[in-house]
Amino acid sequence: QVQLVESGGGSVQAGGSLRLSCAASRNIFDFNAMGWYRQAPGKQREKVASILSGGVLEYDDKVKGRFTISRDNAKNMVFLQMNSLKPEDTAVYYCNAEFWGTPSQSAANYWGQGTQVTVSS
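Residues numbered from 1 in each chain as written. Predicted model: local features only at pLDDT ≥ 70, side-chain atom pairs only at ≥ 80, totals over all residues. Heavy atoms only, no water.

Before we go on, may I ask you to explain the overall build of the chain in this structure?
Along its length, the chain carries 0 helices and 11 strands. Whereas a compact globule of 121 residues would reach a radius of gyration of roughly 14 Å, the chain reaches 14 Å, a difference of no more than 12%. The buried share of the chain, taken over its 121 residues, is 40%. Of the contacts made within the chain by residues no fewer than 6 positions apart, 55% connect residues no fewer than 24 positions apart. For the chain, the exposed area adds up to about 6,400 Å²; of that, 46% sits on carbon and sulfur atoms. Positive and negative side-chain charges in the chain, numbering 12 and 10 respectively, have mean positions lying 2 Å apart. (Helix = DSSP H or I, 4+ residues; strand = E, 2+ residues; numbered from the N terminus. Rg over C-alpha atoms; globule rule 2.2 N^0.38 Å. Buried < 20%, exposed > 50% of the residue type's maximum accessible area, 1.4 Å probe, protein only. Contact = heavy atoms within 4.5 Å. Areas by Shrake-Rupley, 256 points an atom, 1.4 Å probe, with all protein chains shown as cover. Lys, Arg positive; Asp, Glu negative; His and termini not counted. Charge placed at Lys NZ, Arg CZ, Asp CG, Glu CD.)

Would you mind going over the pairing of strand E1 (residues 4–7) with me for this structure?
Within a regular beta strand, the side chains point alternately toward one face of the sheet and then the other, so they alternate between its two faces. Here E1 shows a buried face lined by Leu4 and Glu6 and an unburied face lined by Val5 and Ser7. In this structure, E1 lies alongside strand E3 (residues 18–24), joined through 4 bridges in antiparallel fashion. The partner of Ser7 across the bridge, within E3, is Ser21. (Pairing = 2+ DSSP bridges.)

Looking at this structure, how should I read the state of the cysteines?
One pass over the structure, following the stated rule, counts 1 disulfide. Disulfide pairing is shown between Cys22 and Cys95; the S-S distance is 2.0 Å. With the S-S dihedral at roughly -80°, the linkage between Cys22 and Cys95 falls on the left-handed side. A residue pair is termed long-range when its members are at least 10 positions apart, and Cys22 in strand E3 and Cys95 in strand E9 (residues 91–99) qualify at 73 residues. For the residue pair Cys22 and Cys95, the accessibility class agrees, reading buried in each case. (Disulfide = S-S within 2.5 Å.)

Quick question: what am I supposed to make of the pattern of salt bridges here?
Oppositely charged side chains may form a pair once their charged atoms are brought near each other. In the structure shown here, the tally under the stated rule is 7 salt bridges. As a salt-bridge pair, Asp61 and Lys64 come within 3.1 Å of each other at their nearest N and O atoms. Among the ionic contacts, a cluster of salt bridges with common partners joins Arg38, Glu46, Asp60, Lys62, Arg66 and Asp89. (Salt bridge = Lys/Arg side-chain N within 4 Å of Asp/Glu carboxyl O.)

Just to check I follow, could you spell out the nonpolar core for this structure?
Here is a general trend for soluble globular proteins: nonpolar side chains tend to be buried in one another's company. In this structure, Leu4, Met34, Trp36, Phe67, Leu80, Met82 and Tyr93 are the most contacted members of the largest nonpolar core, which totals 29 residues. At the level of elements, E3, strand E4 (33–39), strand E5 (46–52), strand E7 (67–72), strand E8 (77–82), E9 and strand E11 (115–120) are the ones that each hand at least two residues to this core. The dominant element in this core, judged by the number of residues it contributes, is E9, at 5 residues. Apart from the residues within four sequence positions on either side, Leu80 is in contact with Leu18, Arg19, Leu20, Trp36, Val48, Ala49, Phe67, Thr68, Ile69 and Tyr93. (Core = buried A, V, L, I, M, F, W, Y, C linked by side-chain atoms within 4.5 Å.)

Please clarify how the environment of Leu20 should be interpreted in this entry.
Along the chain, Leu20 falls in strand E3. Relative accessible area serves as the criterion here: at 0%, Leu20 is assigned to the buried category. Sequence separation of Leu20 and Val92 is 72 residues, and the distance between their C-alpha atoms is 11 Å. Among residues more than four places away in sequence, those in contact with Leu20 are Ser7, Gly8, Gly9, Trp36, Val78, Phe79, Leu80, Met82, Tyr93, Thr115 and Val117.

Below you can see the structure in the form of structure tokens.
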């Protein structure tokens, strides 16, 4: 069983910054990708950023230039630095770990419990 524990959410004013952390209960290189998703009230969950095991970074267009995803391999942690926050960034942010599967192992997808980010104007 994999556990992902997020921390670092909170309330900030527009233009402020927050850093989210995600601690994984196992080696993050066991996964093909680690990422951050968010879900605002009444909206579908959307991918914000991801980092592949080979180091490739991907960002949603809405956060490019403002958010940065990174990882600490030794601590099995993934981070999301969020700068220039906007009210529309308000959401519950979830850490995600993806295993794409092999011929002998099924694919798997793991989620943290989520952390609230609220940005006021």
